[in-house]
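Secondary and tertiary structure notes
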Amino acid sequence: MTSEIALSPLLIDGEWLATDRVYENINPSDTEEQVGRFHLADAALARRAVAAATLAQPAWADQSPQLRAEVLDRAGSELLARLAELGELLAREEGKTLPEATGEVQRAAQIFKFQAQQALQAEGELYASTRAGLRVEVRHEPVGVVGIITPWNFPIAIPAWKIAPALAYGNTVVFKPAESVPASAWALVDILQRAGLPPGVLNFVPGSGREVGQTLLDDARVRAISFTGSVATGQRVAAACSARQARYQLEMGGKNPLVVLDDADLEIALDCAVQGAFYSTGQRCTASSRLIVTKGIYTKFRDALIARVAALRVGHALDPDTQIGPVVDEAQLAQDLRYIALGREEGARLAVGGELLHRRRPGHYLAPALFVDADNAMRISQEEIFGPVAVLIAADDAEHALALANDTPFGLSAGVCTGSLKLAHHFQRRLQAGMVMVNAPTAGVDHHVPFGGSKASSVGPREQGTQARQFFTQTKTSYIRP
């Protein structure tokens, strides 16, 4: 499969294309191993993809919803049939452990099967008009051509939860994955294409944000952009789409708090903290990067957490003993190290981790880092690091912990560990986040429920579940005199 990917990674109007631009995809667990060589698109090819999607969209929208459902369901079935193979590919490319990678592929399959059913759901309403002799019909129609721009940390799941509903509701897609994870994205597109998509319905144009991404933002034929990535890039997406009155959906950063109250079950709280902060190498927008603990349990929790973090096994993503894989690439590793140095400068105490690790094969290995006795005003407490780095912050009491949790520009996910139903309900209502977890890690959302945040984390309708329809369709109200 790798050689085939290396030869023809672009898909435009049903045709696999090669270019003279090549990206060498390196395994972060073994930087001497090349996952593959992948061709990249430029602005001209991105425009060609948009043209193909524009021509294909009316016929795809007019297709039977049964046909659209069958295509998506077949794609989901193939993902399930190839879990082991695709999980290994994803782990080699992105660096998350094999169980995490396989779980991500399974989630993508579940998303396609769920959205296949949504394609068959009723999509309109009938009303009696207030005027005699008229009836009112409300329909939810496809938006048109949708540009989909995805990040590197979930290279199959995030494309799946954008592409599946876009296609289910009759839109056509131009898909630009993160440049650094082309293999997983290519595999997904190949599966969908062989599942029966007509030419031009799904177009695959990996390439730079400066060329390919900007082309999608500027092209008036692209009527909607669904983007997941950094805040800075999301702001550029919003500005470009607003200027030409295209719709946009943004999922950006997070600095997610996990609050541990005095009455929390210590083992549950520790599990939530370790899993939420450090699994997937901390490279999740929902990671628990701020651990806010009330003083009555702070010392006991701190000491136990230090021991847990120190015992985490960092290694090759395919090693069955590995709990934490490598950082995705050199650039992200350098950013992690800069923030670790900054935390020390700011006066937080690095209690464990933070050093580069050497393993049998060369890779981007970093010991998970835990800062204790941190202040919520520190940059390491306010800025998204996107790595295996967490800060521990003491709170005077539950209300102080709540205030600290909400003292962030972000609002994606938040959690609280408590044995009190009253406090759980209080935090559920008062935490300023789109997703709230009680006695559960902040990272991890089911495929059939809405995903998204508030404040600087998200803009636009929610992703996933039935609410995906809000972004990928537009409402038309018709008055009819029989």
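Residues numbered from 1 in each chain as written. Predicted model: local features only at pLDDT ≥ 70, side-chain atom pairs only at ≥ 80, totals over all residues. Heavy atoms only, no water.

A few words on the pairing of strand β5 (residues 124–128). Relative to strand β6 (residues 135–142), β5 runs antiparallel, the two sharing five bridges. The residue of β6 that forms the bridge with Y127 is V136. Connecting β5 to the antiparallel partner β6 that follows it, the hairpin turn spans six residues, and G133 within it adopts a positive phi of roughly 85°. (Pairing = 2+ DSSP bridges. Helix = DSSP H or I, 4+ residues; strand = E, 2+ residues; numbered from the N terminus.)

All right, on to helix α9 (residues 231–243) then. Owing to its 3.6 residues per turn, the α-helix brings residues three or four apart onto one side. Helix length check: α9 (13 residues) gives 18 Å between terminal C-alpha atoms against 18 Å at 1.5 Å per residue, within 8%. Taken as a whole, α9 has its buried residues at G234, V237, A238, A240 and C241. The inward-facing, buried residues of α9 abut α8 (209–218), β10 (222–228) and β11 (247–251). Taken from the residues just after α9, Q245 is the one with a positive phi, measuring 60°. (Expected span 1.5 Å × (residues − 1). Buried < 20%, exposed > 50% of the residue type's maximum accessible area, 1.4 Å probe, protein only. Contact = heavy atoms within 4.5 Å.)

What follows covers the pattern of salt bridges. With the rule as written, the count across this model stands at 22 salt bridges. Residues K113 and D73 are paired through a salt bridge, measuring 2.9 Å at the closest nitrogen-oxygen approach. Remark: D73 occurs in helix α3 (residues 65–81) and K113 occurs in helix α5 (residues 98–118); sequence separation between them is 40 residues. One salt bridge connects D396 with K295, and the closest N-O pair in it is separated by 3.0 Å. Placement of the pair is D396 in the loop between β16 (389–395) and α14 (398–406) and K295 in helix α11 (residues 295–310), with a sequence separation of 101 residues. Among the residues examined, K295 registers a relative accessible area of 51% and is labelled exposed. (Salt bridge = Lys/Arg side-chain N within 4 Å of Asp/Glu carboxyl O.)

Before going further, it helps to spend a moment on the packing of helix α4 (residues 83–94) against α5. Packing of α4 against α5 brings their axes to within 8 Å, and their N-to-C directions diverge by 120°. Taken together, the axes of α4 and α5 lie oblique to each other. Crossing handedness for the pair α4 and α5: right-handed. Residues L83, L86, G87, E88, L90 and A91 of α4 lie in contact with α5, whose contacting residues are L98, A101, T102, E104, V105 and Q106. (Axes fitted to C-alpha atoms, helices over the stretch in contact; angles between N-to-C directions. Parallel < 35°, antiparallel > 145°, perpendicular 65-115°, else oblique. Left-handed = near helix turned anticlockwise from the far one by under 90°.)

Once that is clear, we can look at a negative patch on the surface. A contiguous patch of negative charge, built from D262, D263, D397 and E399, is present on the exposed surface. Relative to the helices and strands, E399 resides in helix α14. (Patch = residues over 30% accessible without salt bridge, like charges linked within 9 Å, V, L, I, M, F, W, Y side chains within 5 Å. Areas by Shrake-Rupley, 256 points an atom, 1.4 Å probe, with all protein chains shown as cover. Lys, Arg positive; Asp, Glu negative; His and termini not counted. Charge placed at Lys NZ, Arg CZ, Asp CG, Glu CD.)

Before going further, it helps to examine the sheet that holds strand β19 (residues 435–438). Read across the open sheet, the seven strands follow the order β14-β15-β16-β13-β12-β18-β19; overall the sheet is mixed. Single-partner strands in this sheet number two, and they are β14 (349–352) and β19. Across the sheet, the axes of successive neighbouring strands diverge by a mean angle of 25°, strand direction being ignored. By the bridge criterion, three bridges tie strand β15 (residues 369–372) to β16 in an arrangement that is parallel. Considered in β16, the bridge of F371 is made with V391. Against the sheet, α11 makes contact with β12 (257–260), β13 (290–294), β14, β15 and β16, and its axis sits at roughly 140° relative to β13, the strand it touches most. With respect to the sheet, helix α12 (residues 330–346) is in contact with β14, β15 and β16, its orientation differing from that of β15 by roughly 15°.

Below, the discussion takes up the state of the cysteines. By definition, a disulfide is the covalent link that joins the sulfur atoms of two cysteine residues. Overall, the coordinates contain zero disulfides when judged by the stated rule. No disulfide involves C241; its sulfur sits 20 Å from the nearest other cysteine sulfur, which is in C285. Between C272, a cysteine without a disulfide, and C417, which holds the nearest cysteine sulfur, the sulfur-to-sulfur distance is 4.0 Å. Here C272 falls in the buried class, since its relative accessible area comes to 3%. (Disulfide = S-S within 2.5 Å.)

The next point concerns the nonpolar core. Counting residues in hydrophobic clusters, the biggest one holds 69 residues, and the most contacted among them are L79, F112, L167, F175 and L192. Of the residues forming this core, the biggest block, nine residues, is contributed by helix α6 (residues 157–168). Excluding residues within four positions of it along the chain, F175 makes contact with I148, T150, P159, I163, A185, V189, L202, N203, F204 and V205. Counting residues in each nonpolar core, the second largest holds 31 residues, with L342, L350, I380 and I385 among its members. (Core = buried A, V, L, I, M, F, W, Y, C linked by side-chain atoms within 4.5 Å.)

Moving on, we get to the environment of P368. The topology assignment puts P368 in the loop between β14 and β15. As for P368 and A61, which are separated by 307 residues in sequence, their C-alpha atoms are 48 Å apart.

Right, let's talk about the packing of aromatic side chains for a bit. Applying the stated rule across the entire model yields five aromatic pairs. Here W16 and W186 contribute two aromatic rings whose centre-to-centre distance is 5.3 Å and whose plane-to-plane angle is 40°, an arrangement assigned as tilted. Taken together, the residues W16 in strand β2 (residues 15–17) and W186 in helix α7 (residues 182–194) connect sequence positions 170 residues apart. An angle of 45° between the planes, with centres 5.7 Å apart, marks the rings of F175 and F204 as tilted. Highlighted residues: F175 in strand β8 (residues 172–176) and F204 in strand β9 (residues 202–204), separated in sequence by 29 residues. Between K96 and the ring centre of F154, over which it is positioned, the NZ or CZ distance is 3.7 Å. The cationic tip of R131 hangs over the ring face of Y479; the distance from NZ or CZ to the ring centre is 5.1 Å. (Phe/Tyr/Trp six-rings, centres within 6.5 Å; stacked < 30°, edge-to-face > 60°. Lys NZ or Arg CZ within 6 Å of the ring centre and 35° of its normal.)

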